[in-house]
Amino acid sequence: MEFSLVVEPASTWAADVVIFFAFKDSEEYLPGFSSWMASEADWVSASRGLRDFNGELGSVAVIYGSSASSVQRVMIAGLGPQESFGVEQFNHAVAAAFRKCRESKLRIVGLPLCALEGLQVDEALTNAVISAVDGLYSYDEFKTEDSGEGKLPEIVHILAEEEPQEYISEAIARGQAVGEGLAYARDLVNAPPNIANPVYVADEAKKMAKKYGFKFKAMKRKEIIDKGMGAYASVFRGSTDEPRLVTLEYAPKDRENDRPLVLVGKGVTFDTGGISLKPSSAMDFMKCDMAGAASIMGFFRAIGELAPDLHVVGIIPLADNMPDASATRPGEVVTSLSGKSIEILNTDAEGRLLLCDSLAYSDEFQPAAIIDLATLTGGCIVAFGWKVAAEMDNHNALGTMVRECGMRVGERYWPMPLWDIYKEELKSNVADIKNIGSREGMTIHAGMFLKEFVPENTPWVHLDIAGPAWAKTKSAVSEAGGTGFGVKTLVELAYTIDLEDL
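Residues numbered from 1 in each chain as written. Predicted model: local features only at pLDDT ≥ 70, side-chain atom pairs only at ≥ 80, totals over all residues. Heavy atoms only, no water.

Looking at this model, I keep getting lost on the overall build of the chain. Mind explaining?
In terms of regular secondary structure, the chain is built from 15 helices and 20 strands. Here the C-alpha atoms of the chain give a radius of gyration of 24 Å, agreeing with the 23 Å that 2.2 N^0.38 yields for 502 residues. Projected onto its principal axes, the C-alpha positions of the chain cover 80 × 50 × 40 Å. In the chain, which comprises 502 residues, the proportion classed as buried is 57%. (Helix = DSSP H or I, 4+ residues; strand = E, 2+ residues; numbered from the N terminus. Rg over C-alpha atoms; globule rule 2.2 N^0.38 Å. Buried < 20%, exposed > 50% of the residue type's maximum accessible area, 1.4 Å probe, protein only.)

Structure representation (structure tokens):
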């Protein structure tokens, strides 16, 4: 889908459909819609379709113009009640409108800037572009029948009557980059595990690095073991698929020597649970256990296009967790890169074993701050359901910033404590630490475990995205499967954070 800015008088706007928005049961429309109807399209205000439209969130009305009109259709998307309106409602409305465009087999869509009057125009425009791309996303790589509808709409004109300020073009470009980053992350999660194994994901990272000029490195099995990453190595012992520890680094000119923001993403490309085997029911969706890694890949895809003024390093530990004669057994003790010994009581608590060595490894980059993303615990889903992630940190200001960035882009995080009273649960009789505590408080125990491996005096945030990284069922505005959760938050953070202030 191609986005372009078109500057011309409203009387000459041409498109298969032009999209506007309205609140539920409001006596007044958004100001741009009202003024456009009055000056250019009085046939809209006279239509029965507009009178019948109530603005319910996700509802869409299509009003057909006369043959003399350059605008063939006007689409009104409902924003829901004004008192409960926010970015999530706006994103939902945009996605609903664009899915209706595809259903109606429309090729050219017009989105007037005046349709966003009454909102924060630059933010709304960025979110509109992201949501248009995200709402139309589907994973069709292995489908042999092609209806052709997946390519529609083809063109989106952002319509303006006067040359807008430069930030409008920047908002469109940012929306496109983030939307494509989201789609890329979703593709990686949705790809079947016989395709998207560790080597495949590493090769994808290498291609991206070459395209955008990132530094790239991928450690193989022997190097990971020789490095002393005994916790990480314990995860892939039972798998015939080769592991990879990928690092990506983006440094703008004159920022190469800045201490970077380090992002760490769990990349278990398939998780059987190992010897602590998971139930077979719904195990197929364990291909999504690399969603943290995918979100970081999607983020790098976006910043490759946007080039923010921030030094960033991505660390992506990739492995399969499989049960065979070589697999790690419950009760084994391994030594991590940090030197701490770990008693592995449950091989299905493997994500923290990849992450703990990756967090320790991050010290080589002298991080100014670290954020890790992981589909880490089922307990997070029990606590928050499928649409909210848990946030834990050792630095209140950084944790607050991440949560606020998430709220601005429609991704929700809620804080959980990392108090010392929880450390008792992780004491081992035979090692420095064990990899699980009790079921009660399991999400916090996982965070407490990771905290032990964060480089000293380094601000750190842990995001458990187990719920929102995957959509169990198709909704009115999105397909089931990987969601790309976290990409939007990380991009927003890249434009917000000042690492020197932490």
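Help me understand helix α15 (residues 487–494), please; the structure alone is not making it clear to me.
Since the α-helix packs 3.6 residues into each turn, any two residues three or four apart lie on the same face. Of all eight residues in α15, eight are buried; the element is thus mostly enclosed. Three or more residues of α15 are buried, namely Val487, Lys488, Thr489, Leu490, Val491, Glu492, Leu493 and Ala494.

It is not clear to me how the sheet that holds strand β12 (residues 332–335) should be interpreted in this structure. Could you clarify?
The strands making up a sheet are joined through hydrogen bonds of the backbone, oriented either antiparallel or parallel. Strand order in the open sheet formed by three strands is β12-β13-β17, with mixed pairing between adjacent strands. The strands lining the two open edges of the sheet, one partner per strand, are β12 and β17 (433–434). Here β12 pairs with strand β13 (residues 341–344) via four bridges, running antiparallel. By the bridge assignment, Val334 is partnered in β13 with Ile342. (Pairing = 2+ DSSP bridges.)

Before we go on, may I ask you to explain the pattern of salt bridges in this structure?
Side-chain pairing between opposite charges can occur once the charged atoms of the two side chains come close. Within the structure shown, the criterion is met by 26 salt bridges. Glu350 is paired through a salt bridge with Lys266; the nearest N and O atoms lie 3.3 Å apart. Of this pair, Glu350 sits in the loop between β13 and α11 (351–361) while Lys266 sits in the loop between β9 (261–265) and β10 (267–271); the two residues are 84 residues apart in sequence, bridging distant segments of the chain. Assessed through its relative accessible area of 1%, Glu350 is described here as buried. On the basis of relative accessibility, which here comes to 2%, the residue Lys266 falls in the buried class. Residue Lys474 is joined to Glu479 by a salt bridge in which the shortest nitrogen-to-oxygen separation is 3.8 Å. Here the salt bridges share partners, and the residues they tie into one network are Arg99, Lys474 and Glu479. (Salt bridge = Lys/Arg side-chain N within 4 Å of Asp/Glu carboxyl O.)

Can you help me understand the side chain of Asp271 in this one?
For Asp271, the location among the structural elements is in strand β10. Note on Asp271: relative accessible area 2%, which makes it buried. Engagement of the side chain of Asp271 in a polar contact is seen with the backbone nitrogen of Gly273, the distance being 2.8 Å. Only 2.9 Å separates the side chain of Asp271 from the side chain of Asn321, close enough to count as a polar contact. Contacts of Asp271, omitting those with residues within four sequence positions, involve Lys278, Met283, Met286, Asp289, Asn321, Asp348 and Glu350. (Polar contact = N/O pair within 3.5 Å; in protein donor to acceptor, adjacent residues only side chain to side chain. Contact = heavy atoms within 4.5 Å.)

Where do I start with the pairing of strand β4 (residues 73–78) in this structure?
A regular strand places its side chains so that they alternate between the two faces of the sheet. With respect to burial, β4 is a largely interior element, six of its six residues being buried. Examined bridge by bridge, strand β2 (residues 17–22) and β4 share five bridges and lie parallel to one another. The residue bridging Ala22 from the neighbouring strand is Gly78, located in β4.

I'm lost on the packing of helix α7 (residues 198–212) against helix α10 (residues 291–306) in this one. Help?
Axes are the key here: two packed helices are described by the angle between their axes and the distance separating the axes. Their axes nearest at 10 Å, the elements α7 and α10 cross at an angle of 10°. It follows that α7 is roughly parallel to α10 by the angle criterion. Across the interface between the two elements, Val201, Glu204, Ala205, Met208, Lys211 and Tyr212 of α7 pack against Met297, Phe300, Arg301, Gly304 and Glu305 of α10. Of the residues that constitute the contact of α7 with α10, the class distribution is six nonpolar, one polar and four charged. (Axes fitted to C-alpha atoms, helices over the stretch in contact; angles between N-to-C directions. Parallel < 35°, antiparallel > 145°, perpendicular 65-115°, else oblique. Nonpolar A, V, L, I, M, F, W, Y, C, P; charged D, E, K, R; others polar.)

Hey, could you run me through a nonpolar patch on the surface in this one?
A cluster of nonpolar residues, Phe142, Ile195 and Tyr200, forms a patch on the protein surface that exposes about 260 Å² of accessible area. Residue position: Ile195 is located in the loop between α6 (166–190) and α7. Assessed through its relative accessible area of 31%, Ile195 is described here as partly exposed. (Patch = residues over 30% accessible without salt bridge, like charges linked within 9 Å, V, L, I, M, F, W, Y side chains within 5 Å. Areas by Shrake-Rupley, 256 points an atom, 1.4 Å probe, with all protein chains shown as cover.)

Function-wise, these values are silent; they only describe arrangement.
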